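Notes for the structure review
Spelled out from the first residue to the last, the chains are:
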Amino acid sequence: MAVLVALGAFLMTLAGGWTAQRVTDRRHLVLGLAGGLMLGVVGLDLLPEALEAAGDKVFGVPAALVLFVAGFLLAHLVERLLAGRQAAHGAGEHTHRAPEVGLTAAAAMVGHSFMDGVAIGAAFQIGGGMGLSVALAVIAHDFADGFNTFTITSLYGNARRRAVAMLVADACAPMLGALSTVFVHIPEPLLGGYLGLFGGALLYLAAAEILPEAHHDHPARSTVLCTVAGAAFIWLVVGLSGG
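Now for a quick tour of the structure. (Residues numbered from 1 in each chain as written. Predicted model: local features only at pLDDT ≥ 70, side-chain atom pairs only at ≥ 80, totals over all residues. Heavy atoms only, no water.)

1. Some details on the packing of aromatic side chains
If you walk through the whole model with that rule in mind, you get one aromatic pair. Note on Phe 72 and Tyr 204: the rings are 5.2 Å apart at their centroids and 90° apart in plane angle, and the pair reads as edge-to-face. Separated by 132 residues along the polypeptide, Phe 72 in helix H3 (residues 63-88) and Tyr 204 in helix H7 (residues 188-214) bring together distant segments of the chain. Given a relative accessible area of 5%, Tyr 204 falls into the buried group. (Phe/Tyr/Trp six-rings, centres within 6.5 Å; stacked < 30°, edge-to-face > 60°. Helix = DSSP H or I, 4+ residues; strand = E, 2+ residues; numbered from the N terminus. Buried < 20%, exposed > 50% of the residue type's maximum accessible area, 1.4 Å probe, protein only.)

Below you can see the structure in the form of structure tokens.
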């Protein structure tokens with residue numbers, strides 16, 4: 001049952017990626033929306049779940065928040081290292097964007113989608129009602145995941161076929177995650193720590209890369225409205241799914 005429900009997440013992820021492809025003539029609006037979606041996912045979905053799951057404190061600070069900051073710094077470090085290596089080889093002199101950063105970020109999105117599938121499977125082990133509730137939340141925000149996966153991969157200069165490949169991997173991940181729960185159980189604190197780390201990396205990409213790029217050539221009010229709309233959409237999804 002969990003795998004069948006995860007099929008809905010598969011279709012919703014593909015729909016999000018297809019939408020990102022179809023509106024390339026409004027790239028600044030796509031990036032503005034992606035930034036808002038990512039901000040909403042981090043602040044309204046990932047962090048609350050991480051704080052609830054990883055309850056322990058490290059020197060008076062919740063472990064999830066420590067890992068959140070670590071994820072932000074790790075994403076910054078990886079990007080600087082890859083960009084520096086690219087510049088050393090005479091590439092990226094104008095864009096300073098390493099395609100590997102986009103692939104790494106998209107791979108992290110795939111990993112997150114896999115964990116979404118794990119959450120669906122674990123919830124169905126608790127009960128059918130719980131499983132359907134979690135599945136509703138996952139399916140609803142997987143549209144944003146697909147949209148962001150394609151956008152991030154493309155933003156860093158990767159070819160369209162790579163962006164499509166990462167989108168398909170992101171779409172398949174929830175089904176594989178749900179299937180894995182038949183064999184493996186992930187401790188809740190470990191899951192919470194992962195969500196915190198991933199949230200920090202995602203926020204870095206939104207704040208340091210996606211949104212500045214959205215306003216680089218088009219500092220339009222419509223771009224800001226798209227960002228606000230993206231965050232509001234995630235708020236709506238979280239509210240309708242019961243948090």
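The structure having been displayed, the exposition proceeds.
2. Structural notes on the layout of surface pockets
To find leftover empty space, a probe the size of one water molecule is rolled over the atoms. By volume, the second largest pocket amounts to about 290 Å³. Along its surface, the second largest pocket is lined by 15 residues, and Leu 74, Ala 75, Thr 104, Ala 108 and Ala 201 are the ones closest to its centre. If you list the elements that add at least two residues to the lining of the second largest pocket, you get H3, helix H4 (99-126) and H7. Of all the elements, H7 adds the most residues to the lining of the second largest pocket, at six residues. Across the lining of the second largest pocket, the residue classes break down as twelve nonpolar, two polar and one charged. (1 Å grid on protein atoms, 1.4 Å probe; cavity = no way out; pocket = protein on both sides within 12 Å on 5 of 7 lines; lining within 4 Å. Points joined across faces, edges and corners; volume = space filled by probe spheres on them. Nonpolar A, V, L, I, M, F, W, Y, C, P; charged D, E, K, R; others polar.)

3. Some thoughts on the environment of Leu 74
Structurally, Leu 74 is set in helix H3. Look at Leu 74 and you get partly exposed, because its relative accessible area is 43%. Put simply, Leu 74 and Gly 200 are 126 residues apart on the chain and 8.6 Å apart in space, counted from C-alpha to C-alpha.

4. Some words on the nonpolar core
Among the nonpolar cores identified, the biggest contains 36 residues, and Met 38, Leu 46, Ile 152, Leu 202, Leu 205 and Ile 210 are the most heavily contacted of them. Sorting the residues of this core by element identifies helix H2 (27-53), H3, H4, helix H5 (128-155), H7 and helix H8 (221-240) as the ones contributing at least two each. In this view, Leu 205 contacts Met 38, Ala 105, Ile 152, Tyr 156 and Ile 210; residues no more than four positions away in its chain are not counted. Within the second largest apolar cluster, five residues are counted, among which are Val 5, Ala 9, Phe 124 and Val 138. (Core = buried A, V, L, I, M, F, W, Y, C linked by side-chain atoms within 4.5 Å. Contact = heavy atoms within 4.5 Å.)

5. A look at H7
Working note: α-helix, 3.6 residues per turn, so residues spaced by three or four point in the same direction. The terminal C-alpha atoms of H7 lie 36 Å apart, and with 27 residues this matches the ideal 39 Å at 1.5 Å per residue to within 8%. Its axis deflected by about 35° at Ala 206, H7 carries its strongest bend there. (Expected span 1.5 Å × (residues − 1). Bend = angle between axes of the 7 residues up to and from the residue.)

6. Let's talk about unusual backbone geometry
In this structure, Phe 59 takes a positive phi of about 50° despite not being glycine. Structurally, the position occupied by Phe 59 is in the loop between strand S1 (57-58) and strand S2 (61-62).

7. Observations regarding the environment of Pro 189
Mapping Pro 189 onto the fold places it in helix H7. For Pro 189 and Ala 53, which are 136 residues apart along the polypeptide, the C-alpha to C-alpha distance reads 5.4 Å. If we skip the residues at most four places from it in the chain, Pro 189 touches Ala 53 and Ala 54.

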